[in-house]
Amino acid sequence: MRLIRSIPELRVLLKTMKGRGERVGLVPTMGYLHSGHEALIRQCRSRCDYVVVSVFINPLQFGPNEDFHRYPHDLDRDQTLCLEHGVEIMFMPEPKEMYSTGFSTFVDPGSMGNVLCGSYRQGHFRGVTTVVAKLLNTIQPDLAFFGQKDLQQSAIIRRMVWDLNIPVELVVIPTVRDDDGLALSSRNSFLSPEERCRALCISKALFEAESAFRGGVRLASEIINSAKNLLTELDELQYCELVDALTLDSIEGQIGRLVGLCVAGKIGNTRLIDNVLLSEADDPTRQLSLVGIPE
Ligand code: PAF
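Residues numbered from 1 in each chain as written. Predicted model: local features only at pLDDT ≥ 70, side-chain atom pairs only at ≥ 80, totals over all residues. Heavy atoms only, no water.

Caption draft 1: Representation of the overall build of the chain. Helix and strand counts for the chain stand at eight helices and nine strands. What you see for the chain is a C-alpha radius of gyration of 19 Å, in line with the 19 Å of a compact globule of 295 residues. Taking all 295 residues of the chain together, the buried fraction comes to 54%. Relative to all contacts within the chain whose residues are 6 or more apart in sequence, the contacts with residues 24 or more apart total 74%. Accessible surface for the chain amounts to roughly 13800 Å². Of this, 48% is attributable to carbon and sulfur atoms. Across the chain, the 31 positively charged side chains and the 38 negatively charged ones have centroids separated by 5 Å. (Helix = DSSP H or I, 4+ residues; strand = E, 2+ residues; numbered from the N terminus. Rg over C-alpha atoms; globule rule 2.2 N^0.38 Å. Buried < 20%, exposed > 50% of the residue type's maximum accessible area, 1.4 Å probe, protein only. Contact = heavy atoms within 4.5 Å. Areas by Shrake-Rupley, 256 points an atom, 1.4 Å probe, with all protein chains shown as cover. Lys, Arg positive; Asp, Glu negative; His and termini not counted. Charge placed at Lys NZ, Arg CZ, Asp CG, Glu CD.)

Caption draft 2: Quick look at the nonpolar core. In terms of nonpolar packing, the biggest core is built from 51 residues, with V52, F91, L136, I139, M160 and V161 touching the most fellow members. In terms of residue count, the dominant contributor to this core is helix 5 (residues 124-139) (eight residues). Those residues within four positions of L136 in sequence are excluded, and the remaining contacts are L26, P141, A144, M160, V161, I166 and V168. Residues A199, C201, I224 and I251 belong to the second largest nonpolar core, which totals 28 residues. (Core = buried A, V, L, I, M, F, W, Y, C linked by side-chain atoms within 4.5 Å.)

Caption draft 3: Summary view of the sheet that holds strand 8 (residues 258-267). Reading across from one edge, 7-8-9 is the order of the three strands in this open sheet, with antiparallel pairing throughout. Edge positions in the sheet fall to strand 7 (236-244) and strand 9 (270-279), since each of these pairs with one other strand and no more. With direction set aside, neighbouring strand axes in the sheet form an average angle of 15 degrees. Bridge count for strand 7 against strand 8 is eight bridges, and the pairing is antiparallel. Bridged to D244 within strand 8 is V259. Against the sheet, helix 7 (residues 193-214) makes contact with strand 8 and strand 9, and its axis sits at roughly 15 degrees relative to strand 9, the strand it touches most. Of the strands in this sheet, strand 7, strand 8 and strand 9 are in contact with helix 8 (residues 220-229), which crosses strand 7 at around 155 degrees. (Pairing = 2+ DSSP bridges. Axes fitted to C-alpha atoms, helices over the stretch in contact; angles between N-to-C directions.)

Caption draft 4: Layout of empty space enclosed by the protein. The final tally for this structure, using the stated rule, is three cavities of 30 Å³ or more. Empty space within the largest cavity amounts to approximately 820 Å³. For the lining of the largest cavity, the elements supplying multiple residues, two or more each, are strand 2 (24-29), helix 2 (35-47), helix 5, strand 5 (143-147), helix 6 (151-163) and strand 9. When residues of the lining of the largest cavity are assigned to their parent elements, the largest contribution, six residues, is made by helix 5. Here the residues of the lining of the largest cavity are counted per class, giving 22 nonpolar, 15 polar and five charged. (1 Å grid on protein atoms, 1.4 Å probe; cavity = no way out; pocket = protein on both sides within 12 Å on 5 of 7 lines; lining within 4 Å. Points joined across faces, edges and corners; volume = space filled by probe spheres on them. Nonpolar A, V, L, I, M, F, W, Y, C, P; charged D, E, K, R; others polar.)

Caption draft 5: Looking closely at the site of the ligand. Close to the ligand lie P28, T29, M30, N58, Q61, V131, V132, D150 and Q153. In this structure, an oxygen atom belonging to the ligand sits 2.6 Å away from a side-chain N or O atom of Q61. The fraction of the free accessible surface of the ligand (290 Å²) that becomes covered by protein chains is 88%. The cavity that encloses the ligand is the largest cavity. Of all the elements in the fold, those that place two or more residues in the shell around the ligand are strand 2 and helix 5. Residues that form the shell around the ligand fall into these classes: four nonpolar, four polar and one charged. (Near = heavy atom within 4 Å. Polar contact = N/O pair within 3.5 Å; in protein donor to acceptor, adjacent residues only side chain to side chain. Sits in = over half its atoms within 2 Å of the grid points.)

Caption draft 6: Highlighting the pattern of salt bridges. The final tally for this structure, using the stated rule, is 14 salt bridges. In this structure, the salt-bridge partner of E194 is R198, at a minimum N-O distance of 2.7 Å. Of the two residues, E194 and R198 both sit in helix 7, four residues apart, roughly one turn of that helix. Close ionic contact of E280 with R218 constitutes a salt bridge, the shortest N to O distance being 2.8 Å. Pair noted here: E280 is in the segment after strand 9 and R218 is in the loop between helix 7 and helix 8, with a separation of 62 residues, a long-range link. Salt bridges linked by common partners bring D178, D180 and R196 together as one network. (Salt bridge = Lys/Arg side-chain N within 4 Å of Asp/Glu carboxyl O.)

Caption draft 7: Examining the environment of H69 more closely. Within the secondary structure layout, H69 lies in the loop between strand 3 (50-55) and helix 3 (75-84). Given a relative accessible area of 78%, H69 falls into the exposed group. On a C-alpha basis, the gap between H69 and Q238 in space is 23 Å, while along the polypeptide they are 169 residues apart.

As structure tokens, then:
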């Protein structure tokens, strides 16, 4: 496995791989890898000849009062895990490699970046689209892998890739959960045992909504109100909303084709997000992927 910190070095290596006709896959991460990332890496490994994992805590996607400076990291552990999964390249740039002096060009995700998490984290998605566009331009992977847990992020990146004709296929894979249902997140490491216990109300509310949907409930307000009634363990409920999973348009009235029930809230100082897809399709997460290169 090669550990690479410089963009030119990465480019030279990838040029050789691509010259040999290798299929390159990218798993973009902010490190502190967990089983959710492992699932992404496994998928990437199974579909690509060459696996690149980027580890970069992107300062641009954190607001001034957010947890950038205390975001968890453990590069040694990340390296061991990537080695175990046969990753070929770990790309770990320093901030100045990604944002050189005078950096002033950003990718604006438009209105999709202002709803849900965007209304609590101003500028967050602009930071995400900018860094993901930079990673996609730098690495030029054939496929890039994202988790359903960040449903809004995957919808915004999908839109960006389409709008900017970025030649990459996006693969979204289902959320990985602990046995008790808690969605895996690097931020779970901030939770005390008592807080972790309370955090379970999120997945419980989402699973209840899923089973109500399966049982035939289609009225958005009924789904949302029942979920909210189960979210009382949160110290702050930021949102519990039904949205179209591809456009993020808010759903009122009857639930349509591919809808996400999305929740964000705080337990103590830790902000958690999670979602479920409500759909009659067999494998709804698959529909979040962008199959085929945008024309
Ligand atoms: O999902 C994440 O970990 C980050 O938002 C990403 C996509 C790596 C961009 O920094």
